[in-house]
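# Understanding the architecture of this molecule
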Amino acid sequence: MKLKRVSRILLATVLSLALAGCGSQTTGTTTAGAADNSSQASSQTVTEASLEQETAEGAATTSLTADELADEQVLNLAFTDLSILDVNDARNANEFQVLSQVQEGLFRVFTDADGVDQTAYAGATSYEVSDDNLTYTFHLREDAKWSDGQPVTAQNYVDSWLRLLDPDKAFSYGFLATTIAGGEAYYNGEGSVDDVQVKVVDDYTFTATLAAPDPSFIKKAGMLPMYPIRKDLIDAAEASGQNWGNDYTLHVFNGPFVISDRVLENSMTLTKNDQYWDKDNVILTQVNLRVVDETSTQAQLMESQQLDILKLTDLDYVDQWQSLVDDGTFDHIVSTAPSVTYLSFDQHDAANGGPSGLMQNAKVRKAISLAFDREEYNLMFQNGLATPAYGLVPNGITVGSTEFRSYAGDPLLSEEDQQLAADPAALKALFEEGMQEAGVSGTAADVTLTTIVYDQTTLSTNINEWYKQQLADKLGVTLDIEVYPDVSTWKEARDSYQYDFYTMGWFGDYDDPSNFLGLFVTDNGYAKFMGGYSNSQYDELIAQANASLDDQERLDLFKQAETLLLDEAGVSPLYFENAQFYTQSYVKNVSYPLFGADIEFSRAYIAKH
Amino acid sequence: MKVFRYLIKRLLIALITLYIIATATFFLLALTPGDALSARVEKLPDQVTERLYEKYGLDKPVMERYLITMKGLLHGDFGESIIYEGQTVQDIIAEKGPVSARLGLQQMILGVGVGLLLGILAAVKKGKFWDYFVVVLAILLISVPNLIFALLLQMVFAARLKWFPVIGWPSAGQWFSGWKYTVLPTLAGCFGYIAAYSRLLKASMLDVMNQDYVLTAESKGLTHREVILHHVLRNSMIPIITRLPMTVAMCITGSFFIESVFSIPGLGLYYVNAVAAQDVPIVMGETVIIAALYIFVVFITDILYTIVDPRIRISGGKR
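If you're wondering where the values come from, they're calculated on a predicted model, not measured in any experiment.

From N to C terminus, chain A includes 22 helices and 21 strands. Taken over 609 residues, chain A has a buried fraction of 59%. Looking at chain A alone, contacts between residues at least 24 apart form 69% of all its contacts between residues at least 6 apart. Counting only carbon and sulfur atoms, one obtains 47% of the accessible surface of chain A, whose full area is about 22400 Å².

Residue and element names in this part refer to chain A. Most of strand β19 (residues 571-584) sits inside the fold, with 13 of its 14 residues counted as buried. Of the pairings in the sheet, the one linking strand β11 (residues 309-311) to β19 comprises three bridges and is antiparallel in character. Note on β19: the bridge partner recorded for K311 is F581. In terms of strand pairing, strand β12 (residues 330-345) meets β19 through 12 bridges, oriented antiparallel. Note on β19: the bridge partner recorded for F330 is Q584. In this sheet, β19 lies alongside strand β13 (residues 387-388) in antiparallel orientation, the contact comprising two bridges. Paired with P388 across the bridge in β19 is Y575.

Attention shifts here to a negative patch on the surface. Residues D168 of chain A together with D46, E50, E54, D59 and E64 of chain B make up a contiguous surface patch of negative charge. Of the residues forming the negative patch, the biggest block, three residues, is contributed by helix α3 (residues 46-55) of chain B. Along the chain, D59 of chain B turns up in the loop between α3 and α4 (62-74).

With that settled, consider the confidence of the model for chain B. Per-residue confidence for chain B gives a mean pLDDT of 85, with 95% of residues at or over 70. Within chain B, helix α6 (residues 129-143) of chain B carries the highest mean pLDDT (90), whereas helix α2 (residues 38-41) of chain B carries the lowest (76).

This part covers the domain arrangement of chain A. Residue and element names in this part refer to chain A. By the assigned domains, chain A splits into domain 1 (34-288 + 585-606) and domain 2 (337-535 + 564-577). The partner domain 2 presents 12 residues to the nine residues of domain 1 that form the contact. Carbon and sulfur atoms make up 66% of the surface buried where domain 1 meets domain 2, a total of about 880 Å² over both sides. Among the residues domain 1 hides against domain 2, the three largest losses belong to K219, L594 and F595. Together they make up 62% of the total. Taken together, domain 1 and domain 2 are joined by one salt bridge. The partner of K219 in a salt bridge is D511, and the shortest N-O contact between them spans 3.8 Å. For the pair domain 1 and domain 2, the interface holds three residue pairs in polar contact (both at pLDDT 80 or more). Across the side of domain 1 that touches domain 2, the residue classes break down as six nonpolar, one polar and two charged.

Counting residues in each nonpolar core, the largest one holds 94 residues, and the members touching the most others are L106, F138, W161, F206, F217, L270 and F601 of chain A. Core analysis: the next-biggest nonpolar cluster, separate from the first, contains 76 residues, M359, L430, M435 and W506 of chain A among them.

As a further point, take the side chain of E95 of chain A. All names here are of chain A. With respect to the element layout, E95 can be found in helix α5 (residues 93-102). Despite its burial, E95 remains without a salt bridge, the nearest opposite charge being carried by R91 at 5.6 Å. Non-local contacts of E95, meaning those with residues more than four positions away in its chain, are made with L82, S83, I84, A90, S100 and L224.

Let's shift gears to the interface of chain B and chain A. Taken together, the contacts link 40 residues of chain B with 43 residues of chain A. When chain B packs against chain A, close to 3400 Å² is buried across both sides, 47% of that on carbon and sulfur atoms. Our count for the contact surface shared by chain B and chain A stands at one salt bridge. For R91 of chain A, the salt bridge identified is with E85 of chain B, shortest N-O distance 2.9 Å. Taken together, the elements giving at least two residues each to the side of chain B that touches chain A come down to α2, α3, α5 (89-124), α7 (146-160), α11 (256-261) and α12 (267-276) of chain B. Broken down by element, the residue count for the side of chain B that touches chain A peaks at six residues, all from α3 of chain B. Partitioned by chemical class, the residues of the side of chain B that touches chain A number 20 nonpolar, 10 polar and 10 charged.

The next thing to look at is the packing of helix α21 (residues 536-547) of chain A against helix α22 (residues 551-567) of chain A. Two packed helices can be described by the angle between their axes and the distance between those axes. Residue and element names in this part refer to chain A. With their axes 9 Å apart at the nearest point, α21 and α22 run at an angle of 160° to one another. Put simply, α21 runs roughly antiparallel to α22. In the crossing of α21 with α22, the sense of the turn from one axis to the other is left-handed. Residue-level contacts link Q537, Y538, L541, I542, Q544, A545 and N546 of α21 to R554, L557, F558, Q560, A561, L564 and L565 of α22. A per-class count over the contact of α21 with α22 returns nine nonpolar, four polar and one charged.

All names here are of chain A. What the four strands build is an open sheet, ordered β4-β5-β7-β6; its pairing is antiparallel. The open sheet terminates on both sides in strands that have one partner only, identified here as β4 (124-129) and β6 (198-202). Each strand axis lies, on average, 20° off the axis of its neighbour in the sheet, ignoring direction. Here β6 pairs with strand β7 (residues 205-209) via four bridges, running antiparallel.

Within this structure, the stated rule accounts for 48 aromatic pairs over all chains. Summarising the aromatic geometry, the rings of F138 of chain A and W161 of chain A are spaced 5.9 Å apart at their centres and angled 80° between planes, so their arrangement reads as edge-to-face. Of this pair, F138 of chain A sits in strand β5 (residues 135-140) while W161 of chain A is found in helix α6 (residues 154-164), placing the two residues 23 residues apart along the sequence. An angle of 80° between the planes, with centres 6.0 Å apart, marks the rings of F381 of chain A and W466 of chain A as edge-to-face. Here F381 of chain A is found in helix α14 (residues 374-381), whereas its partner W466 of chain A is found in helix α18 (residues 458-475), with 85 residues between them in sequence. Considered together, F381 of chain A and W466 of chain A belong to a single accessibility category, that of buried residues. Among the aromatic residues, ring-to-ring pairing joins F107, Y121, Y127, Y136, F138, Y157, W161, F206 and F217 of chain A into one connected group. The cationic tip of R141 of chain A hangs over the ring face of W277 of chain A; the distance from NZ or CZ to the ring centre is 3.5 Å. Above the ring of Y187 of chain A, the side-chain terminus of R51 of chain B is found at 6.0 Å from the ring centroid.

All names here are of chain B. One can find S198 in helix α8 (residues 179-209). Within the local environment of S198, its side chain forms a polar contact with the backbone oxygen of I194, the two atoms lying 2.9 Å apart. For S198, the side chain forms a polar contact with the main-chain oxygen of A195, separated by 3.1 Å. Every residue in contact with S198, bar those within four places of it in the chain, is listed here: G115, L118, G119, V134, A138 and Y193.

About the criteria used
Residues numbered from 1 in each chain as written. Chains lettered and ligands numbered in written order. Predicted model: local features only at pLDDT ≥ 70, side-chain atom pairs only at ≥ 80, totals over all residues. Heavy atoms only, no water. Helix = DSSP H or I, 4+ residues; strand = E, 2+ residues; numbered from the N terminus. Buried < 20%, exposed > 50% of the residue type's maximum accessible area, 1.4 Å probe, protein only. Contact = heavy atoms within 4.5 Å. Areas by Shrake-Rupley, 256 points an atom, 1.4 Å probe, with all protein chains shown as cover. Pairing = 2+ DSSP bridges. Patch = residues over 30% accessible without salt bridge, like charges linked within 9 Å, V, L, I, M, F, W, Y side chains within 5 Å. Salt bridge = Lys/Arg side-chain N within 4 Å of Asp/Glu carboxyl O. Lys, Arg positive; Asp, Glu negative; His and termini not counted. Charge placed at Lys NZ, Arg CZ, Asp CG, Glu CD. pLDDT = per-residue confidence, 0-100. Domains from an automatic or database assignment. Buried area = accessible area lost by both parts, 1.4 Å probe. Polar contact = N/O pair within 3.5 Å; in protein donor to acceptor, adjacent residues only side chain to side chain. Nonpolar A, V, L, I, M, F, W, Y, C, P; charged D, E, K, R; others polar. Core = buried A, V, L, I, M, F, W, Y, C linked by side-chain atoms within 4.5 Å. Axes fitted to C-alpha atoms, helices over the stretch in contact; angles between N-to-C directions. Parallel < 35°, antiparallel > 145°, perpendicular 65-115°, else oblique. Left-handed = near helix turned anticlockwise from the far one by under 90°. Phe/Tyr/Trp six-rings, centres within 6.5 Å; stacked < 30°, edge-to-face > 60°. Lys NZ or Arg CZ within 6 Å of the ring centre and 35° of its normal.

Below is the structure:
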């Protein structure tokens, strides 16, 4: 029952929106899919089979017959090597990608045939939340085993959650568990591990009690850093001075695959885990991961079928590969990323409105925000492949079963805003009105705004020149682009408020609007990076939303907060990122979830080709 | 006795050189803005950031870190990687050194071999077509970066013609297997040697050919062929032989571009990535070990001089 609250992510509308921006790809992808109806159907069967595990435990088998499968079930992928094999210490996308396929937590997220995220029980079989919304009781699968044959127990989860909060370890993802009672104090080095309210009930049951209701806790609990660990092996390795962090032979695995070979910064081999509880639905026998640095080499490997799935970094191949998508060689998957790029305005009190003295004025910020043509930006700098942002929270982020973006609409596309954006004279009038309010004399033509950059790539230079030109055309304002030679001098400039705005972004960590909207709460930990917007009404709305467990109420509160934030132009969103995946069309049943692994390939298979 | 004093002196100089290199590397890295943790702490609360810096000892003042590092170097303890937790420089060199060494040696043997043949050809046919051919070829090969060669070879012979694999390398620890994987990277990296050695040998041969004893040999009535083989070639080899040890030493450090293009698990790529990531212990360790190797090779080279060229003698400390 409870599962429904976690899952049911309605991405379908989002994906079609994202695709609408680039018409040709949509048709290409569809054609490729339609040309291969039979295997498409069987791919769905596999998905359902693995998702229905909790209802028909063990009974579900794949409906694939031998002649649909290629003889060799080997998948070849490009990857970036992992800094560490420790789930608690996961740092970047590459650790999430690989470790999520060799280890397993409470849940596993797949995408269905429509690209909609579906959360399935994995290590857990069910969970309950107490009436006061504070105590979570997790029931674990009793047939889950580690690759050395040991059962996966409640103790393994509790060990992991406590270790994740260990102040001496200073793990980056500790914040996932800090809403547990006693967790925050322990993580910050002020409390004791004994006060952290995570308890083993029996071998296959454990509870976590929160300090205050946290609507996104269940989403955090399923993430990689919260996966179970084998403390006995870690302690043994550390006691004998062995390199547990990076020596894969010291690890055991409870996921669909195990790591069977590794050449540092070069390659890794995963093989099927025979101890995995759902091994009947794991069809791949081996996965080869290679480090391939050059994008042209990656392309050649794809074209010669030596790579099966590629997340594109060089967007020029989108046009180049259209013919291969059209003739059915490749499938092209556009997958929403939980990422938004925006302009941060210098609203810190200490900054006094930035070098121009104008940034604390909402009208000035609004005029600047509306001066940018987001469609043009997308076409010029993102090959038209991103989604122009008219709100802050990216596509795909949900509250309960409702996708936030489609519920909240597009604040920056309101009629009023659209009229302003289309009328430079009105926009300039708004800007000058703001100048007067801020007590800055003269006209827009007298104003010089300052942006600071350290990234000196051609792309970034072009983008800043484009800002300059847009501001000159629409507002008649001059933009001064201050280039710093490196990040640390840039940070100094930022921390001494020598800017009016700069380009910033956020890649979400878990599926909840608060992960994005929380960045603009007064004096939150990120305020110094995000411009320091401050509005007590906004703070109140976010606080209410974070305390509520009513999905509808939360949706409304988040929507109000976002509208307020963008009305006052506390931030100026520019675009949402979309990941471009290409796969050989014979690779079936791959998922591209929003969080965690980029590519969930544990139930994938290679069709006869 | 002279030789003994010479050796002591060389050893002292070597140690001082190593110390200067280590110190310079340390401070250059320390002066570089940012550090290995800056990307990781971007999203962390301040207290956690502080603890993370404490964990890696990066919270200490520069001079204290310098002393700790130097003390470690004295004991051969370079510390653990900050990026790949638990990995030591020794692990990494043991794993990746042989890969780069095999590739480098193959490139060298092919490149030097072809280069020498072309050098002889150019010297013998001085002023004729082949001479100009070799000169133009050498200029061409030396001015095109090997990244371009690597990408071109990969595109033509691997992707289009499918004669060789696009990327890859035989499994670690194997020196003679999987030659198919090594062909393109070997070719891509041998051109520099061809250019350098053909020009070096040609210049050296022309120099020798102007010597009086060659004139003598010719006037004795020896054939041109005999003069070249017995008198000119042997004596022209001195600069070649003295340069070879340096070339061998350079092999082991690997080539960033070629290893990157062909996805070869070598030292060159790893080293550059470590510098980019500011993984101080790894960069310090590799730099010192490679520098020590160079110094040793330079020493060998100096000894070699005295063996191949009797005109050079060790004169330890005499004024």
